[in-house]
Amino acid sequence: MLPARFSNYFHFFYHSLRLKVDSSYRVPLAMHIGLTAKCPHRCLYCNYADIERSDRLTGDNVEKILEDAYRLGTRRVNFTGGEPTTHPDFDRIIRFAHDRGFIVTVSTSGFQAQEHLEAFRLCNTILLSLEGPPGVHAKLCGDLSAREVSRAIEIFFRDGIRFWTTSLLTKLNIDQIDWIVEHARQHKSLANFSLLEATDEMGPDFHPSYGGIEGLLPEDAACRAALRRLIELKKAGAPIGSSLPYLEELLRWPDYRRLWNPAPSRLYQCLAARAACEISFDGNIYACGWTIGKAESLSVLDLGLPEAFRRLRPPTNCHSCASNCWLESNLIFNLHPRTIWNWVKAL
């Protein structure tokens, strides 16, 4: 019998191949679950802390969702927020997902890492938001966030718990790429980078508008210079998790103020709602984060996951994007060889 990790890899490859040859085939290989909208921080590029909608995901119904997801074919689940550690059943949910056999990822600010240490030990990947040196991070996310992420890094590194960092490229930290990469090297980690995500075309309570973060947006030339530097470092063997095809696709991206595109990519077909989906803290399912606020709301809690996923439809006016997790996932689901090899090595 194959070890669980290799069994999951084979599962991904087999179903990705079916998705590639059969345009009608659907299987939710990966799922993002936003456990809560609550967050103790006030990051300048995020407005989740101001969301007034109520959380609906309890430990009981998340476990039901995970049971259904596993039966439908999901093998990777990424728990996000808000800040997922503020969910009252966070530890229980992580243990359940681990014991069920999922590849478990948590996207976190590192808030209360010591208090949730046993849950973090069960994760396959921890994605820590790190925006640069403490002073730079504090300017973007506040003093509490700077203290908590530094503390989490110390704890994880001390205890041999694998973590990666994720950094958004803004005017305040775009000159800190080398520091972030060197920090990853010193802590035996991998640094991942994303463009600043905002939109004027979705629900304002889920994503900030470009007008609202104008002061954080780097000029296009600065973004492209940063991406060229990341590509240079990656080719030189620097500890950067982001794959070369991902970075190269971002470098080719036509407009950094519009991170979704009605035109298809030359590298992949978007498989949102076919190979992946997102469940929001209010219990609704979406093809991806970019469809929140403009797609039909389908309640997993009312319909059940199998029926909600059956009704789920891909975006009609978006066929490629420059969003970090969705772009990398699409490259993997489309069996892009360099991207797959990058993540096999990383994992």
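Draft legend 1. Inspection of the nonpolar core at higher detail. Of all hydrophobic cores here, the largest spans 101 residues; its most connected members are Ile 33, Leu 66, Phe 79, Ile 94, Phe 156, Ile 279 and Ile 285. Broken down by element, this core gets its largest block of residues, six residues, from helix α8 (residues 220–235). Ignoring any residue separated from it by four or fewer positions in sequence, one finds Phe 79 in contact with Ile 33, Leu 35, Val 62, Leu 66, Pro 84, Ile 93, Ile 94, Ala 97, Val 104, Thr 105, Val 106 and Ser 107. Judged by nonpolar contacts, the second largest core, of five residues, contains Trp 164, Leu 190, Trp 343 and Ala 346.

Draft legend 2. Examining the pairing of strand β3 (residues 103–108) more closely. The buried fraction of β3 amounts to five of the six residues, a majority that puts the element mostly inside the structure. Examined bridge by bridge, strand β2 (residues 76–80) and β3 share four bridges and lie parallel to one another. Each bridged residue has a counterpart across the sheet, and for Asn 78 the counterpart in β3 is Thr 105. The handedness of the β2 to β3 crossover, carried by helix α3 (residues 90–100), is right-handed. Taken together, the four bridges between β3 and strand β4 (residues 125–129) define a ladder with parallel strand orientation. Note that in β4 the partner of Val 106 across the bridge is Ile 126.

Here is what the cut-offs are and how they apply
Residues numbered from 1 in each chain as written. Predicted model: local features only at pLDDT ≥ 70, side-chain atom pairs only at ≥ 80, totals over all residues. Heavy atoms only, no water. Core = buried A, V, L, I, M, F, W, Y, C linked by side-chain atoms within 4.5 Å. Buried < 20%, exposed > 50% of the residue type's maximum accessible area, 1.4 Å probe, protein only. Helix = DSSP H or I, 4+ residues; strand = E, 2+ residues; numbered from the N terminus. Contact = heavy atoms within 4.5 Å. Pairing = 2+ DSSP bridges. Right-handed = clockwise from strand over helix to strand, strands pointing away.

So far we have only geometry, and geometry alone does not tell us how the molecule works.
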